Amino acid sequence: MSVNPMAYEAQFFGFTPQTCMLRIYIAFQDYLFEMMLVVESVILKKLDGFPGCKISPFQIRKSTEKFLLFMKEHFDKLFSKMEEVLLQLVLSIPKNVLLPEDKVHEQYPYSKAQFQALQDEIHQLQQQYRAEASAGQALRAELEEQKAVQAELEKILQWFDGLENICREHGTGNLEESFAFLTQNSKKLQDVLKDVEEKSKKIKQHDQLL
């Protein structure tokens, strides 16, 4: 059997030429064995017609096996020559022939160095894509954080708007006056709260005495 892998031929046929030749060899060999058995059975039947014949079935089997070995040796030699011819002239694709799916290689040929350069470029682009994807993820996280900060700022602005409206209702026109107004009222509230706490303590002490 040929040791050439013949991968291009396998791409075209859908099987390796060596596999094809092996199947042909096995089929011929099986047919040869079957024919020897048929010949042996015919000889045994013929011998039954000669009552005085001293040839035994065992001798017939030995002769059949010897003849089979002789035929197989010659068959192997002939098949080896037939295999060589079929692999070279029938089951092979000439070097100058391209399959339809490989026409693109003829239109856009490239060397091994060019292929390696292309692989390196692809690897570099993959790394660049991963870096950009990571940066994009970080930017999205920062954007979400900015949205949260913006929402808080809007709440503060709404609070200031409400504060300004309250101040206007009480006759204060700007933020400085508003803060002074709030500070004054806050101090008054603290004084009132302190007074309430003192009165509450006195009431508790009075209850304890009673």
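See the structure above.
Below, the structure is looked at part by part. (Residues numbered from 1 in each chain as written. Predicted model: local features only at pLDDT ≥ 70, side-chain atom pairs only at ≥ 80, totals over all residues. Heavy atoms only, no water.)

**Thoughts on the overall build of the protein**
Secondary structure assignment for the protein yields six helices and zero strands. Taking contacts inside the protein between residues at least 6 apart in sequence as the whole, the part at least 24 apart equals 63%. Only carbon and sulfur atoms are counted for the fraction: they give 61% of the accessible area of the protein, which is about 17,800 Å². (Helix = DSSP H or I, 4+ residues; strand = E, 2+ residues; numbered from the N terminus. Contact = heavy atoms within 4.5 Å. Areas by Shrake-Rupley, 256 points an atom, 1.4 Å probe, with all protein chains shown as cover.)

**Comments concerning the pattern of salt bridges**
Scanning all chains against the criterion turns up two salt bridges. Note that R61 is salt-bridged to E40, the shortest N-O span being 2.5 Å. Here the residue R61 occupies a position in helix α3 (residues 57-90), and E40 occupies one in helix α2 (residues 17-48), the gap between them amounting to 21 residues. Its relative accessible area of 6% is what places E40 among the buried residues. With a closest N to O distance of 3.2 Å, K72 and D76 form a salt bridge. With K72 and D76 both in helix α3 and four residues apart, this pair spans about one turn of that helix. The partly exposed category is assigned to D76, whose relative accessible area is 27%. (Salt bridge = Lys/Arg side-chain N within 4 Å of Asp/Glu carboxyl O. Buried < 20%, exposed > 50% of the residue type's maximum accessible area, 1.4 Å probe, protein only.)

**Digging into the packing of aromatic side chains**
Following the criterion strictly, the structure yields five aromatic pairs and no others. Taken together, a centroid distance of 5.8 Å and an interplanar angle of 45 degrees make the contact between F28 and F75 tilted. You can see F28 sitting in helix α2 and its partner F75 sitting in helix α3, a full 47 residues away along the chain. Three or more aromatic residues joined by ring pairs form one cluster here, namely Y25, F28, F75 and F79. (Phe/Tyr/Trp six-rings, centres within 6.5 Å; stacked < 30°, edge-to-face > 60°.)

**Looking at a nonpolar patch on the surface**
The grouping of V85, L89 and V90 at the surface amounts to a nonpolar patch, some 300 Å² of accessible area in total. Mapped onto the elements, V90 comes out in helix α3. (Patch = residues over 30% accessible without salt bridge, like charges linked within 9 Å, V, L, I, M, F, W, Y side chains within 5 Å.)

**Some remarks on the packing of α2 against α3**
Following both chains from N to C, one finds α2 and α3 inclined at 155 degrees, their axes separated by 10 Å at the closest point. Considering their axes alone, α2 and α3 lie roughly antiparallel with respect to each other. As for how α2 packs across α3, the hand of that crossing is right-handed. Grouping the constituent residues of the contact of α2 with α3 by class yields 22 nonpolar, three polar and five charged. (Axes fitted to C-alpha atoms, helices over the stretch in contact; angles between N-to-C directions. Parallel < 35°, antiparallel > 145°, perpendicular 65-115°, else oblique. Left-handed = near helix turned anticlockwise from the far one by under 90°. Nonpolar A, V, L, I, M, F, W, Y, C, P; charged D, E, K, R; others polar.)

**Quick word on the nonpolar core**
In this structure, M6, M21, Y25, F75, F79, L87 and L91 together form the largest nonpolar core, which totals seven residues. Elements represented by at least two residues in this core include exactly α2 and α3. (Core = buried A, V, L, I, M, F, W, Y, C linked by side-chain atoms within 4.5 Å.)

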